Amino acid sequence: MALVLRSLSDFKRFLAKPGATIQIVRNTFIERQPASFQEAYRQKGMYEPRTVQAISKKAAVFAIKGHPTTVWLYWDKGTRNWRYSGDTLAVPLNTGVGPPDEIIYRCSFAPGSEPKARAPARAKTVDPAPASPADKPTPTMPERGQGRLF
């Protein structure tokens, strides 16, 4: 089943499902750092898959695969600038240092926990041909004195 995110509501619904995972595929802030800094970020699990541990009204808490730490992702009025494209989410960063940056997350489900694809909707059945007037019975009124109608 292909994951398609179009809004913050879609993203929150995705996070609420069992096995929801996000992974950073690009972080322009880290890409501008020296190689030693980039390696340090990688060792801390920056690019490892993150699974949802908890969701609140304003944030989600993620566990990082292979690391004992957690990471929070907050949403508020700034989410208006988030961009959704298929299974990716681009979050702009305003670091105040240098050019604007962004983090791009790929959203997926942990192996084995993908939701089942829904069955296709049933098609409406259409009568092949409407009945002709000759096929319909014609109602007849009982003659006077033959019985009551009610």
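Look a little higher up for the structure.
Analysis parameters
- Residues numbered from 1 in each chain as written.
- Predicted model: local features only at pLDDT ≥ 70, side-chain atom pairs only at ≥ 80, totals over all residues.
- Heavy atoms only, no water.
- Salt bridge = Lys/Arg side-chain N within 4 Å of Asp/Glu carboxyl O.
- Helix = DSSP H or I, 4+ residues; strand = E, 2+ residues; numbered from the N terminus.
- Buried < 20%, exposed > 50% of the residue type's maximum accessible area, 1.4 Å probe, protein only.
- Core = buried A, V, L, I, M, F, W, Y, C linked by side-chain atoms within 4.5 Å.
- Phe/Tyr/Trp six-rings, centres within 6.5 Å; stacked < 30°, edge-to-face > 60°.
- Lys NZ or Arg CZ within 6 Å of the ring centre and 35° of its normal.

Participant: Please provide a residue-by-residue account of the pattern of salt bridges, values included.
Facilitator: If you walk through the whole model with that rule in mind, you get 5 salt bridges. A salt bridge links Asp10 to Arg13, with the shortest nitrogen-to-oxygen separation between them at 2.5 Å. Separated by 3 residues within a single helix, Asp10 and Arg13 lie in helix H1 (residues 8-16), roughly one turn from each other. A relative accessible area of 17% places Asp10 in the buried class. One salt bridge in this structure joins Arg83 and Glu102, with 2.8 Å as the shortest N-O distance.

Participant: Run through the nonpolar core, naming residues and quoting values.
Facilitator: Core analysis: the biggest nonpolar cluster contains 23 residues, and Phe11, Phe14, Leu15, Ile22, Trp82 and Tyr105 have the highest contact counts within it. Those elements giving two or more residues to this core turn out to be H1, strand S1 (20-27), strand S3 (59-64), strand S6 (88-93) and strand S7 (101-109).

Participant: So, the packing of aromatic side chains: which residues are in play, and what are the values?
Facilitator: Throughout the structure, instances matching the rule amount to 5 aromatic pairs. Aromatic pair Phe11 and Trp82: ring centres 6.2 Å apart, planes at 80°, arrangement edge-to-face. Taken together, the residues span a long stretch of sequence, with Phe11 in helix H1 and Trp82 in the loop between strand S4 (70-74) and strand S5 (83-85) at a distance of 71 residues. According to the relative accessible area criterion, Phe11 is buried, its value standing at 0%. A residue is classified by how much of its surface remains accessible, and Trp82, at 9% relative accessible area, is buried. Taken together, a centroid distance of 5.7 Å and an interplanar angle of 15° make the contact between Trp72 and Tyr74 stacked. Three or more aromatic residues joined by ring pairs form one cluster here, namely Phe11, Phe14, Trp75, Trp82 and Phe109. Its end group placed over the ring of Tyr47, Arg42 keeps NZ or CZ at 4.5 Å from the ring centre.

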